[in-house]
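# Coordinate analysis (summary)
As a plain string of letters, each chain reads:
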Amino acid sequence: MKPNKVLYLAVTCSAIILVLNLSASGQAKVTKENFGKTSEGQNVDIYTLTNRRGAEVKITNYGGIITSLKVPDRKGKRDDIVLGFDNLDAYLKGSPYFGAIIGRYANRIAKGRFTLNGHQYTLAVNNGENHLHGGIKGFDKVVWTARPLKVPNGAALRLTYLSKDAEEGYPGNLSVRVIYTLTNANELKIEYWATTDKDTVINLTSHSYFNLAGQGIGDILNHQLLINARRFTATDAGSIPTGELKSVKGTPFDFTSAFRIGERINDDDQQLKFAKGYDHNFVLNGRMGTLRQAAVVYEPTSGRSMEIWTTEPGIQFYTGNFLDGTLTGKDGKVYQQRYGFCLETQHFPDSPNHPSFPTAVLRRGQQYHTITIHRFKTSSR
Ligand code: BGC
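Residues numbered from 1 in each chain as written. Predicted model: local features only at pLDDT ≥ 70, side-chain atom pairs only at ≥ 80, totals over all residues. Heavy atoms only, no water.

### Some details on the overall build of the protein chain
- Across its full length, the protein chain holds three helices and 29 strands.
- Radius of gyration (C-alpha) of the protein chain: 22 Å, near the 21 Å computed for a compact globule of 381 residues.
- Principal axes of the C-alpha set define a box for the protein chain whose edges measure 80 × 50 × 40 Å.
- With 381 residues in all, the protein chain has 55% of them scored as buried.
- Here the analysis covers contacts within the protein chain between residues at least 6 apart in sequence; of these, 66% occur between residues at least 24 apart.
- Within the structure as shown, the protein chain displays about 16,500 Å² of accessible surface, and the carbon and sulfur contribution to it stands at 51%.
- Here the protein chain carries 46 positive and 34 negative side-chain charges, and the mean point of each set is 8 Å from the other. (Helix = DSSP H or I, 4+ residues; strand = E, 2+ residues; numbered from the N terminus. Rg over C-alpha atoms; globule rule 2.2 N^0.38 Å. Buried < 20%, exposed > 50% of the residue type's maximum accessible area, 1.4 Å probe, protein only. Contact = heavy atoms within 4.5 Å. Areas by Shrake-Rupley, 256 points an atom, 1.4 Å probe, with all protein chains shown as cover. Lys, Arg positive; Asp, Glu negative; His and termini not counted. Charge placed at Lys NZ, Arg CZ, Asp CG, Glu CD.)

### Focus on the nonpolar core
- Residues Phe-282 and Phe-317 are the most contacted members of the largest nonpolar core, which totals 58 residues.
- Among the elements that line this core, the one with the most residues is strand β13 (residues 174–183), at five residues.
- Aside from chain neighbours lying at most four places away, what touches Phe-282 is Ile-227, Ala-229, Arg-231, Phe-232, Val-248, Phe-253, Phe-255, Pro-313, Gly-314, Ile-315 and Phe-317.
- In terms of nonpolar packing, the next biggest core, distinct from the first, is built from 23 residues, Phe-35, Val-44, Tyr-97 and Ala-100 among them. (Core = buried A, V, L, I, M, F, W, Y, C linked by side-chain atoms within 4.5 Å.)

### With respect to the sheet that holds strand β4 (residues 66–72)
- Taken in spatial order, the five strands line up as β1-β2-β3-β4-β5 in an open sheet, and their pairing is antiparallel. Each edge of the open sheet is held by one strand with a lone partner, namely β1 (29–37) and β5 (78–80). Strand after strand, the sheet turns through a mean of 15° between neighbouring axes, direction not considered.
- The pairing of strand β2 (residues 43–50) with strand β3 (residues 56–60) spans five bridges and is antiparallel. Residue pairing in the sheet places Leu-49 in a bridge with Val-57 of β3. (Pairing = 2+ DSSP bridges. Axes fitted to C-alpha atoms, helices over the stretch in contact; angles between N-to-C directions.)

### Some remarks on the pattern of salt bridges
- The tally for this structure, following the rule as stated, stands at 14 salt bridges.
- A salt bridge links Asp-79 to Arg-304; the shortest N-O distance between them is 3.0 Å. Here Asp-79 is found in strand β5, whereas its partner Arg-304 is found in strand β23 (residues 304–310), with 225 residues between them in sequence. The same class applies to Asp-79 as to Arg-304, namely buried.
- Between Glu-187 and Arg-375 there is a salt bridge, and its shortest N-O distance comes to 2.9 Å. Of this pair, Glu-187 sits in strand β14 (residues 187–196) while Arg-375 sits in strand β29 (residues 368–378); the two residues are 188 residues apart in sequence, bridging distant segments of the chain.
- Residue Arg-375 is classed as partly exposed on the basis of its relative accessible area of 22%.
- Each member of the salt-bridge network shares a partner with another, and the members are Glu-187, Glu-307, Arg-375 and Lys-377. (Salt bridge = Lys/Arg side-chain N within 4 Å of Asp/Glu carboxyl O.)

### Things to note about the confidence of the model for the protein chain
- Residue-level pLDDT values for the protein chain average 94, and 93% of them are 70 or greater.
- This stretch, residues 6–24, has a pLDDT under 50; its non-local contacts, to residues over four places away or in other chains, come to four contacts. (pLDDT = per-residue confidence, 0-100.)

### Focus: the site of the ligand
- Around the ligand sit Pro-96, Tyr-97, Arg-108, His-133, His-207, Tyr-209, Asp-279, Gln-316, Tyr-318, Phe-322 and Glu-344, and that is every residue in its neighbourhood.
- Measuring from an oxygen atom of the ligand, one finds a side-chain N or O atom of His-133 at 2.9 Å.
- A distance of 3.2 Å separates an oxygen atom of the ligand from a polar atom in the side chain of Gln-316.
- Looking at the shell around the ligand residue by residue, the class counts come to five nonpolar, three polar and three charged. (Near = heavy atom within 4 Å. Polar contact = N/O pair within 3.5 Å; in protein donor to acceptor, adjacent residues only side chain to side chain. Nonpolar A, V, L, I, M, F, W, Y, C, P; charged D, E, K, R; others polar.)

### A look at the layout of surface pockets
- Here the largest pocket defines a volume of roughly 250 Å³.
- Every residue lining the largest pocket is counted, 17 residues in all, and those nearest its centre are Tyr-97, Leu-132, Tyr-209, Tyr-318 and Phe-322.
- Across the lining of the largest pocket, the residue classes tally to eight nonpolar, five polar and four charged. (1 Å grid on protein atoms, 1.4 Å probe; cavity = no way out; pocket = protein on both sides within 12 Å on 5 of 7 lines; lining within 4 Å. Points joined across faces, edges and corners; volume = space filled by probe spheres on them.)

### A look at unusual backbone geometry
- The omega torsion across Gly-103 and Arg-104 is 0°, close enough to zero to call that bond cis.
- Mapped onto the fold, Arg-104 is located in the loop between β6 (100–102) and β7 (108–109).
- In this structure, His-133 takes a positive phi of about 50° despite not being glycine.
- Secondary-structure assignment places His-133 in the loop between β10 (131–132) and β11 (145–151).
- In the Ramachandran plot, Glu-168 falls in the positive-phi region, its phi being about 55° despite a non-glycine side chain.
- For Glu-168, the position within the fold is in the loop between β12 (154–163) and β13.

### A look at the pairing of strand β21 (residues 279–284)
- Judged by how many residues are buried, β21 sits mostly within the fold: six of six residues are covered.
- Neither face of β21 is left uncovered, since the one carrying Asp-279, Asn-281 and Val-283 and the one carrying His-280, Phe-282 and Leu-284 both have all their residues buried.
- Bridge count between strand β18 (residues 229–235) and β21: three bridges; the pairing is antiparallel. Residue pairing for β21: Arg-231 is matched across the bridge by Val-283.
- Of the pairings in the sheet, the one linking β21 to strand β24 (residues 314–318) comprises five bridges and is antiparallel in character. When the bridges of β24 are listed, Asp-279 appears paired with Tyr-318.

Here is the structure:
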């Protein structure tokens, strides 16, 4: 081929590629709208993060809640894949932590008590005799300071909150920062930092209820789940760990290869009976502190899959056992039992009372930092 023909071909090809790129994308962006007021009159906003491929996440600074998340199915159709409400009032009335940031301590602390540096601390008790998800007014119910960030690879929102010494019974002024990034590769990255002026305990997570087929349209029992964990923390009837790291082998908790969530959920197994389904912390393989794959979920009708990567030592797998049709969510959808599943990356429940578990203590002068990434893909399987 003559050199000028090669040049012509190269120019034409690059022009086509450029046009394809432009048509498939816009610019990643963040927009802000008013979302109402809390009962104390604090203004609340809602931010929409859109990436270059048109995936979108909505986050309110009330509780740092992810209210909606739209990613494509195998045909490119974007559906909302998380449970939630259409307006702030519904969240204020009472939400089972839909999409919220959970803190200071995600999951349970037995009897709301723990000892640190020889001092016994008493926390708010809000789950039978136990402390759950940070107490009566946890991080899911406070107004965060929000600021959109300029990032090269997508759209990002920074949330900050100062939790005062003794809030819900916890020691230390805890300064918390969470950055949500919706990357152009269809990943939702959640990064958490915190510092304290007094030794304390901390365990932050994000509490989205997923249905990869689309929110509110059915149960999640046909999703296929893999969890990279050979053990889980066995619990008592009140969902408090007994201390045993139980092998998953030969039990309904073996997700080391993919299983339908519903396949063994009604098995005659004491651990499942205690929790009315799965509501357990899995001990992730690999070294905590390194970002590694924790779980993969695949939904066959839509072709959507979600990988979860984390630096955390554990992940709580919860199958929406306590949803019971009394909550009406977005678009008038009624949320029945098992209409959503949660995969909450975390330290183990009740770690402050289990010296053998990875420590959840944050010392004065140290920095807490964890990363979790939700990676969305599709497959034609
Ligand atoms: C817990 C469940 C609890 C739910 C509340 C989950 O993280 O493990 O026991 O009922 O949160 O919505």
